[in-house]
Structures are given as structure tokens and as C-alpha cells.
Amino acid sequence: EADIYQTPRYLVIGTGKKITLECSQTMGHDKMYWYQQDPGMELHLIHYSYGVNSTEKGDLSSESTVSRIRTEHFPLTLESARPSHTSQYLCASSGDRVNTEAFFGQGTRLTVV
Amino acid sequence: AQRVTQPEKLLSVFKGAPVELKCNYSYSGSPELFWYVQYSRQRLQLLLRHISRESIKGFTADLNKGETSFHLKKPFAQEEDSAMYYCALSPNSFSGGYNKLIFGAGTRLAVHP
């Protein structure tokens, strides 16, 4: 079934740890995105990708990095987690047509203690 | 600056009452406007887009360029409409053709029996 998957759903981790948030899609989409959302606030685009080996930073500056080695996989990495990274991270993908619908994963709620 | 404003964090109505979720945007060009919805324990999903001019689940939204608004309306609210609603803008002058979405902070709609 075509879908977009994020793991883990919830993560509580200590300061200074390296973490990777996974995002995979079986939609056949080239475009993928990472959004960050603090409680009660807007979703902010932090990374996007047009396709394999393409990654760009979004509007909101983030200390995280991303990679796109395979079309279906778009992981986000934090080399050294800090409490300020506590947030919800949403992965999305979309097709090639301009302004086509974005499909979202379930999200990962990250808490850094 | 490109911005989407949803002035109400919470809108509480009784079943059968009319609903209007407000959305205002700031953008100098001609944007594409969307409403996304997130039901309890479900992922964010597209509800409707202005370019389609369609009614989804009884909801409609009209783009008013003079007032820079894209309010979401439904004449008779149902309990199953209770959810978080996000207004989003996609600027036409985006670079590279990726589907950038600028989100508002969201409005929680609570429909009481």
C-alpha cells in the first residue's frame, strides 16, 4: 500500500546523543520534505529534496542534516541533540506537478532531556 | 514577507451550527491556498484547495484577494468535524518548482453535541 512512514513515533533522548529520524515513502514521489512544529505553532519547512542526491535547507534554520541516497528514503540526523531540539518533526512527500497535494507521515515527537 | 495567520486557536460550536475558520495571508503575488486537517490520532491531510473550487465534507473556502483571506466555512457542523485545521499557502514564485507550503498555526474546531 502506498504510504509514508516515520519512525520512531516518540523518542526521549539525553543531551549530546546522535539521533536519526527515519522517513520512507512508497508513493513513488520524487519530492520530500521535513517540517518542524512546536506545540500550538506553525509548521516550518526545515529541509526539502527534489530527488536522489538533492537536498536543500528550508525557511527555518535547523542544526539537523538530511540525506537522499534513495528515492524512497529521507532520514534526518541530529549529531548532538539539545533540549532546544525538542519538537515534532513531520515528513512529507509530493508528486511532480506544481502545487500538488503533500502527503504527511505520522510524525516523530522528539524530547531531549 | 509571506505569512499565514489563523487568529483563533480554538473555535467551539454546537452540532448544527455554522462554522467559519478564519485564514488571512500576506503575499504580494497570486498564491495557491489550501486547507489541511488533522483528526485525532491521524496524520495531517489535505482537505481542499482553492483552485479546485470544490466542496469537501460540506466545507467550502473562497479566496478573497482583496481581503487576502481564505476562510473555511460549513453551514452545519457535525461532531466528526472536530479536528485541527491548518491553512497553508504555496507561493507561485517558488524557486526550483518544489511545493513549498507556508502554514498557519492552526485552529482547533470542537463541535459539541
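(A) View of the packing of aromatic side chains. Scanning the model with the defined rule gives 10 aromatic pairs over all chains in all. Considering the side-chain rings of F104(A) and Y36(B), the 5.8 Å spacing of their centres and the 80° angle between planes classify their relative orientation as edge-to-face. Of the two residues, F104(A) is situated in strand β10 (residues 102-104) and Y36(B) in strand β5 (residues 32-38); the pairing between them involves two chains. The pair F104(A) / Y36(B) is uniform in exposure class, with both members buried. Considering the side-chain rings of Y86(B) and F103(B), the 6.4 Å spacing of their centres and the 85° angle between planes classify their relative orientation as edge-to-face. Taken together, the residues Y86(B) in strand β9 (residues 83-90) and F103(B) in strand β10 (residues 102-103) connect sequence positions 17 residues apart. Per residue, the accessibility class of Y86(B) equals that of F103(B), and both read buried. Grouped by ring-pair contacts, the aromatic residues Y33(A), Y35(A), F104(A), F34(B), Y36(B), Y86(B) and F103(B) constitute a single cluster. Directly above the aromatic system of F74(A) lies the positively charged group of R68(A), at a separation of 5.8 Å from the ring centroid.

(B) A look at the sheet that holds strand β7 (residues 60-61) of chain B. Residues and elements named next belong to chain B. Pairing is antiparallel across the open sheet formed by 3 strands, whose spatial order is β3-β8-β7. The open sheet is flanked by β3 (19-21) and β7, the only strands paired with a single partner. Looking at chain direction, β3 and strand β8 (residues 72-74) are connected through 3 bridges and run antiparallel. Paired with L21 across the two strands is L72, which belongs to β8.

(C) Region of interest: unusual backbone geometry. Of the consecutive residues T7(A) and P8(A), the connecting peptide bond is found in the cis state with omega at -10°. Take P8(A): it is sitting in the loop between β1 (4-7) and β2 (10-13). Its identity is not glycine, yet T68(B) carries a phi of approximately 45°, on the positive side. On the secondary structure map, T68(B) appears in the loop between β7 and β8. The exposure class of T68(B) is partly exposed, given its relative accessible area of 28%.

(D) Fine view of the state of the cysteines. Residue and element names in this part refer to chain A. Within the structure shown, the criterion is met by 2 disulfides over all chains. What pairs with C23 in a disulfide is C91, and their sulfur atoms sit 1.9 Å apart. Handedness here is read from the sign of the S-S torsion; for C23 and C91, about -75°, the answer is left-handed. One end of the pair, C23, is in strand β3 (residues 19-25); the other, C91, is in strand β9 (residues 87-94), and 68 residues separate them in sequence. Both residues of the pair, C23 and C91, count as buried.

Reading the values: rules and limits
Residues numbered from 1 in each chain as written. Chains lettered and ligands numbered in written order. Predicted model: local features only at pLDDT ≥ 70, side-chain atom pairs only at ≥ 80, totals over all residues. Heavy atoms only, no water. Phe/Tyr/Trp six-rings, centres within 6.5 Å; stacked < 30°, edge-to-face > 60°. Helix = DSSP H or I, 4+ residues; strand = E, 2+ residues; numbered from the N terminus. Buried < 20%, exposed > 50% of the residue type's maximum accessible area, 1.4 Å probe, protein only. Lys NZ or Arg CZ within 6 Å of the ring centre and 35° of its normal. Pairing = 2+ DSSP bridges. Disulfide = S-S within 2.5 Å.

Everything listed here is a matter of geometry and, on its own, says nothing about what the molecule does.
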